[in-house]
Amino acid sequence: MEFLAPMVVVTTLILTVGVTVILRGPLGRALADRLAARSAAHPDDGALQELRHEVEDLRGALGEVQERLDFAERLLVKRRDPEIPGPAR
């Protein structure tokens, strides 16, 4: 079980960074353009409101992922160098 925890942290880090890179690259821009084109072609207020709510949900999820990434990074640093002090309590 001791070996599993670092693998979970590393896997989470890799997936988070990978998804972030993909969505910030050309694929993310293409997806955003396509969503914008659909929205412009059919200006349905209900669909627009739904997309806005979805964006807000995604922003919240991204914030949570960033917090988890920060936590995972702190854990990795503590494992590598136990002399580095953690946050003051």
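The coordinates are above.
**A short note on the overall build of the protein**
- When helices and strands are counted, the protein shows 3 helices and 0 strands.
- Looking at the 89 residues of the protein, the share that counts as buried comes to 9%.
- As displayed, the protein offers around 8,000 Å² of accessible surface, 62% of which is attributable to carbon and sulfur atoms.

**Topic: a negative patch on the surface**
- Where like charges cluster on the molecular surface, the negative patch consists of Glu64, Glu67, Asp70 and Glu73.
- For Glu73, the position within the fold is in helix α3 (residues 45-80).
- A relative accessible area of 40% places Glu73 in the partly exposed class.

**A word on the layout of surface pockets**
- Considering only enclosed or pocket space, the largest pocket measures out at about 900 Å³ in volume.
- What lines the largest pocket is a set of 25 residues, and nearest its centre among them are Leu23, Gly28, Leu31, Val55 and Leu58.
- Of all the secondary structure elements, the ones that give two or more residues to the lining of the largest pocket are α1 (4-24), α2 (26-41) and α3.
- When the residues that make up the lining of the largest pocket are grouped by side-chain class, the tally is 14 nonpolar, 6 polar and 5 charged.

**Some details on the pattern of salt bridges**
- Per the counting criterion, the structure on display carries 1 salt bridge.
- Where Glu56 meets Arg59, a salt bridge forms, and the shortest distance between an N and an O atom there is 3.1 Å. Taken as a pair, Glu56 and Arg59 lie in helix α3 at a separation of 3 residues, close to a single helical turn.

Here is what the cut-offs are and how they apply
Residues numbered from 1 in each chain as written. Predicted model: local features only at pLDDT ≥ 70, side-chain atom pairs only at ≥ 80, totals over all residues. Heavy atoms only, no water. Helix = DSSP H or I, 4+ residues; strand = E, 2+ residues; numbered from the N terminus. Buried < 20%, exposed > 50% of the residue type's maximum accessible area, 1.4 Å probe, protein only. Areas by Shrake-Rupley, 256 points an atom, 1.4 Å probe, with all protein chains shown as cover. Patch = residues over 30% accessible without salt bridge, like charges linked within 9 Å, V, L, I, M, F, W, Y side chains within 5 Å. Salt bridge = Lys/Arg side-chain N within 4 Å of Asp/Glu carboxyl O. Lys, Arg positive; Asp, Glu negative; His and termini not counted. Charge placed at Lys NZ, Arg CZ, Asp CG, Glu CD. 1 Å grid on protein atoms, 1.4 Å probe; cavity = no way out; pocket = protein on both sides within 12 Å on 5 of 7 lines; lining within 4 Å. Points joined across faces, edges and corners; volume = space filled by probe spheres on them. Nonpolar A, V, L, I, M, F, W, Y, C, P; charged D, E, K, R; others polar.

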